[in-house]
Structure formats: C-alpha cells, structure tokens
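Chain by chain, the residues run as shown.
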Amino acid sequence: MDTASSSTLAPADTGTAGSGSDDAPVTVAHTTPASRQRSSVGGALGIILVIGIVIVGAFYLWGERIAQNAPPTEAPPVTVE
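Residues numbered from 1 in each chain as written. Predicted model: local features only at pLDDT ≥ 70, side-chain atom pairs only at ≥ 80, totals over all residues. Heavy atoms only, no water.

The subject of this paragraph is the overall build of the protein chain. Of the regular secondary structure elements, the protein chain holds 2 helices and 2 strands. The order of helices and strands in the protein chain, counted from the N terminus, is β-β-α-α. Taken across its 81 residues, the protein chain has 0% of its residues classed as buried. Within the structure as shown, the protein chain displays about 7,600 Å² of accessible surface, and the carbon and sulfur contribution to it stands at 64%. (Helix = DSSP H or I, 4+ residues; strand = E, 2+ residues; numbered from the N terminus. Buried < 20%, exposed > 50% of the residue type's maximum accessible area, 1.4 Å probe, protein only. Areas by Shrake-Rupley, 256 points an atom, 1.4 Å probe, with all protein chains shown as cover.)

Residues at a pLDDT of 70 or more form 57% of the protein chain, whose mean pLDDT is 74. Across the protein chain, element-level confidence peaks in helix H2 (residues 39-69) with a mean pLDDT of 92 and bottoms out in strand S1 (residues 4-9) with 55. (pLDDT = per-residue confidence, 0-100.)

What characterises a pair of aromatic rings is the spacing of the ring centres plus the angle enclosed by the ring planes. Tallied over the entire structure, the rule returns 1 aromatic pair. Ring geometry for Phe59 against Trp62: centres 6.1 Å apart, planes inclined by 45°, an arrangement best described as tilted. Of this pair, Phe59 and Trp62 both sit in helix H2, separated by 3 residues, roughly a single helical turn. Taken individually, Phe59 and Trp62 each receive the classification exposed, so the pair is uniform in this respect. (Phe/Tyr/Trp six-rings, centres within 6.5 Å; stacked < 30°, edge-to-face > 60°.)

Now the structure itself:
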C-alpha cells in the first residue's frame, strides 16, 4: 500500500498574462499520519498475542488429557504388626 501520494495543482490566476514563471504546475505530497503507519505493528502484536494464548491453551488441554489417560497409582501395602 502506498503511504504517500502526490497530486498536481494548477497555479492560481494572478492576472499577469504571459509572464511564464507562474505557469508550471505545483506538486503537493500527501502523507499519511504516523498513527496509520504504526497500525501494522499493533496488528502484528495482536496476532502474536492470540497465537500465544492458543499455544498455552493447547498445552493445558494436552496435560489434562495425559492426566486422564495415566494409569492410577497404587498405594503401598499397609502392614499391621
């Protein structure tokens, strides 16, 4: 995407005919504000945050599944004297 564009404007009529110096078009550059250019940083940061949350959730659920499938541990036999 273009961050800067330009347009050509015709000079204002000053009433002097044939001087030649004011006949050249004037070029004006239009730039976007800095906040528009930084918006991509915010979007990338948001994507990284969402991916991180998904990864943490996946590890949590994976741990829960491993805990459910683990064989139960047996208590050691109790000896009475």
